[in-house]
Amino acid sequence: MTNTPTVDPDEAREFFATTTTQLLAAEHNAGVRHHVVLSIVAVDRVEGNGHYAGKRAQEGAALAGSVPATIVRATQFFDFAAMVVGWTQRGQVATVPPLLVQPVAAADVGDVLVEVAVGEPQNGVRELAGPEPQDLVDMARRTLAARETSLRLIPSWRGPFGVEMAGEVLLPGPDAQIAPITFET
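This section reports on the structure supplied with the text.

Here is what the cut-offs are and how they apply
Residues numbered from 1 in each chain as written. Predicted model: local features only at pLDDT ≥ 70, side-chain atom pairs only at ≥ 80, totals over all residues. Heavy atoms only, no water. 1 Å grid on protein atoms, 1.4 Å probe; cavity = no way out; pocket = protein on both sides within 12 Å on 5 of 7 lines; lining within 4 Å. Points joined across faces, edges and corners; volume = space filled by probe spheres on them. Helix = DSSP H or I, 4+ residues; strand = E, 2+ residues; numbered from the N terminus. Nonpolar A, V, L, I, M, F, W, Y, C, P; charged D, E, K, R; others polar. Polar contact = N/O pair within 3.5 Å; in protein donor to acceptor, adjacent residues only side chain to side chain. Contact = heavy atoms within 4.5 Å. Phe/Tyr/Trp six-rings, centres within 6.5 Å; stacked < 30°, edge-to-face > 60°. Buried < 20%, exposed > 50% of the residue type's maximum accessible area, 1.4 Å probe, protein only. Salt bridge = Lys/Arg side-chain N within 4 Å of Asp/Glu carboxyl O.

With that settled, consider the layout of surface pockets. Approximately 890 Å³ is the volume attributed to the largest pocket. Lining the largest pocket are 36 residues; nearest its centre among them are Asn3, Ile40, His51, Met83 and Trp87. Going through the elements one at a time, helix H1 (9-30), strand S1 (35-40), helix H2 (50-64) and helix H3 (80-88) are the ones with two or more residues in the lining of the largest pocket. Take the lining of the largest pocket: its biggest share by element is 6 residues, from S1. Of the residues belonging to the lining of the largest pocket, the class tally is 18 nonpolar, 15 polar and 3 charged.

With that settled, consider the side chain of Asn49. Tracing the chain through its elements places Asn49 in the loop between S1 and H2. Among the polar contacts made by the side chain of Asn49, one reaches the main-chain amide nitrogen of Tyr52 at a distance of 2.9 Å. For Asn49, the residues in contact, after removing those within four places along its chain, are Pro160, Phe161, Glu164 and Met165.

The next subject is the packing of aromatic side chains. All chains considered together, the criterion is met by 5 aromatic pairs. Taken together, a centroid distance of 5.5 Å and an interplanar angle of 75° make the contact between Phe78 and Phe183 edge-to-face. Of this pair, Phe78 sits in the loop between strand S2 (69-74) and H3 while Phe183 sits in the segment after strand S8 (177-178); the two residues are 105 residues apart in sequence, bridging distant segments of the chain. We note that Phe78, like Phe183, is buried. Three or more aromatic residues link up through ring pairs in this structure, and these residues are Phe80, Trp87 and Phe161.

Let us now look at the pattern of salt bridges. For the coordinates displayed, the defined rule picks out 7 salt bridges. Arg73 serves as the salt-bridge partner of Asp44, at 3.3 Å between the closest nitrogen and oxygen. Of the two residues, Asp44 is situated in the loop between S1 and H2 and Arg73 in strand S2; the sequence distance between them amounts to 29 residues. In this structure, a network of salt bridges that share partners links the residues Asp44, Glu59 and Arg73.

Written out as structure tokens, the structure is:
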């Protein structure tokens, strides 16, 4: 397993750095020529989030390792809104932060990961995003409606995401690869 549910920054950094170092050692011994990391767009711009701190440690360990590496930073997947609802739901109410995201289809991420894995190592970062920005609260409402689930959603910064993620901080940079599948599709 190369992910952790911890939100403690020190624990997340330790977990991601350790697992990445162990993977790189095994890959080196096996003659693997390219290590690929799936990371998160804006991981380098958001302080105060334990998971992001861990992912930064993972990226650093990968780029410093003995196996050439490419980091693929993707925006949030389409099911992210439903995940947040699941994390915050209490009875018939869920708290959803008013994040601005540019979600991407998991299938598009998979296609890019395969393309990167069989290509030459870039020893750097590549960004991938969906085709259009979305409001996370609206995404949650549309997801619940499509699933015919009735919940009251409360937009709030209280919960797993803080105001350091407000505004356009989670959006991709101008050089990001834009995937074709829309959230509406």
